[in-house]
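Here is what each chain is made of, one letter per residue.
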Amino acid sequence: MVDQTAVAVSSKDQSNAPTSAPVSPNDVVDVTVHPLVLLSAADHYHRVARGTRKRAVGVLLGTVSRGRVDASNSFAVPFEEDSKNPAVFYLDHNFLENMLHMFRKINAKERVVGFYSTGPQIRPNDLRIHALLKRFVPPETSTPPVFVIIDVRPDRESIPTTAYRVVEEVDSASSGGGGAKTTEVHSTFAHVPSLIGAEEPEEIGVEHLLRDINDPTVSTVTSLIKAKMSGLSALTEKLVEMKDYLEAVVEGRMKVNQEIVANMQTILNLLPNLNVDELVKSMLIKTNDMHMVIYLSALIRSVIALHDLVNNKIKYNLEGGEEEEDRKAAAGKAGKGGKGEEEKKEDDGEGGKKSSDGEKKEKK
């Protein structure tokens, strides 16, 4: 079971929170994932699990400051799990220890802050992997390791990372007919806000990568329309997720989380009231202005295309006239040459007849 705590916590609420607020040592405020981690996870998945139903698992390295986890580096770990029996999995401890030892030689400030998985969902073994990874966290660190799902699917429109922390829940259940209640403690995953952050060298590297994969044939308008469509599809996905959560609460399949419900109410309160005449009029005017610009753009484009077509017709007609004159001149020269040859042949024929007649007379 996955706790839905802080699923709908917005970044605005997080930014409005006071920075000097006391944070418990075991609390995780947010998780920042750097581009190097995303590139390493995508490369790991394409090398190991591409085209299969497997997933890639690796270790996150970075720093922690006041509950804010900064995952700046990572490395892959040999991992296998049985698809039929989810309780069976293999994680190479020796490889993990050797890699940590080598990374400490390069950068002593980086430590284990959690682990990542290409998911795209939480698996039953993730809690056991989390418990196993806690042994590699330095003893002086009070912040527990986090779990980040990095979705490497190319059709994903929203942020590709989802962060979790482990929390303990207490369930009380009555045992027997005496009414005695027993409490049971179990660990579950709770959502944590995740961000994509980069330092200046990483930003430069990402810009160079995007420059290499940029398609110059795609116009700016096409890119803007594609970005709008991606934003709308992401909004639709979030609204469907909110609807599914509310339906699950009404049917009793999930517990009510007052924080999520309060955030949903805040989102609905921010929606504009479309029943106001001034707002409707202003939206109509804005829409008409945009349609007028689109109409004028299409009209101007058509006029320019017709103008280019007329210019091409005139140009090709002039060139065709000159070629026709050249052909006529060449045909005239060829005709004169043919007539001269025919007259010469006729003269030769007459001379031949005269010589044959003279020879006959001499024989007689």
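Reference entry: report on the structure contained in this document.

Here is what the cut-offs are and how they apply
Residues numbered from 1 in each chain as written. Predicted model: local features only at pLDDT ≥ 70, side-chain atom pairs only at ≥ 80, totals over all residues. Heavy atoms only, no water. Axes fitted to C-alpha atoms, helices over the stretch in contact; angles between N-to-C directions. Helix = DSSP H or I, 4+ residues; strand = E, 2+ residues; numbered from the N terminus. Parallel < 35°, antiparallel > 145°, perpendicular 65-115°, else oblique. Left-handed = near helix turned anticlockwise from the far one by under 90°. Contact = heavy atoms within 4.5 Å. Nonpolar A, V, L, I, M, F, W, Y, C, P; charged D, E, K, R; others polar. Patch = residues over 30% accessible without salt bridge, like charges linked within 9 Å, V, L, I, M, F, W, Y side chains within 5 Å. Areas by Shrake-Rupley, 256 points an atom, 1.4 Å probe, with all protein chains shown as cover. Salt bridge = Lys/Arg side-chain N within 4 Å of Asp/Glu carboxyl O. Buried < 20%, exposed > 50% of the residue type's maximum accessible area, 1.4 Å probe, protein only. Lys, Arg positive; Asp, Glu negative; His and termini not counted. Charge placed at Lys NZ, Arg CZ, Asp CG, Glu CD.

1. So, the packing of helix H6 (residues 220-251) against helix H7 (residues 258-269)
Between H6 and H7, the shortest axis-to-axis distance is 12 Å and the interhelical angle comes to 135°. Classed by the angle they form, the pair H6 and H7 counts as oblique. For the crossing formed where H6 meets H7, the hand is left-handed. Counting all contacts with H6, which are made through Met 242, Tyr 245 and Leu 246, the residues of H7 involved are Ile 260, Met 264 and Ile 267. Its residues assigned to classes, the contact of H6 with H7 shows six nonpolar, no polar and no charged.

2. Observations concerning a nonpolar patch on the surface
The grouping of Met 292, Tyr 295, Leu 296, Leu 299, Ile 300, Val 303 and Ile 304 at the surface amounts to a nonpolar patch, some 680 Å² of accessible area in total. Note that Met 292 resides in helix H8 (residues 277-363). By relative accessible area, Met 292 is classed as partly exposed at 45%.

3. A word on a negative patch on the surface
On the surface, Asp 155, Glu 157, Glu 237 and Glu 241 cluster together to form a negatively charged patch. For Glu 241, the location among the structural elements is in helix H6. You can call Glu 241 partly exposed: its relative accessible area is 38%.

4. A word on the pattern of salt bridges
Two side chains that carry opposite charge are able to pair once their charged atoms sit near each other. All chains considered together, the criterion is met by 10 salt bridges. Where Arg 47 meets Asp 43, a salt bridge forms, and the shortest distance between an N and an O atom there is 2.9 Å. One end of the pair is Arg 47 and the other is Asp 43, both in helix H2 (residues 35-48) and four residues apart, which spans about a single turn. The exposure class assigned to Asp 43 is partly exposed, which follows from its relative accessible area of 42%. For Lys 243, the salt bridge goes to Asp 244, with nearest N and O atoms at 3.6 Å.

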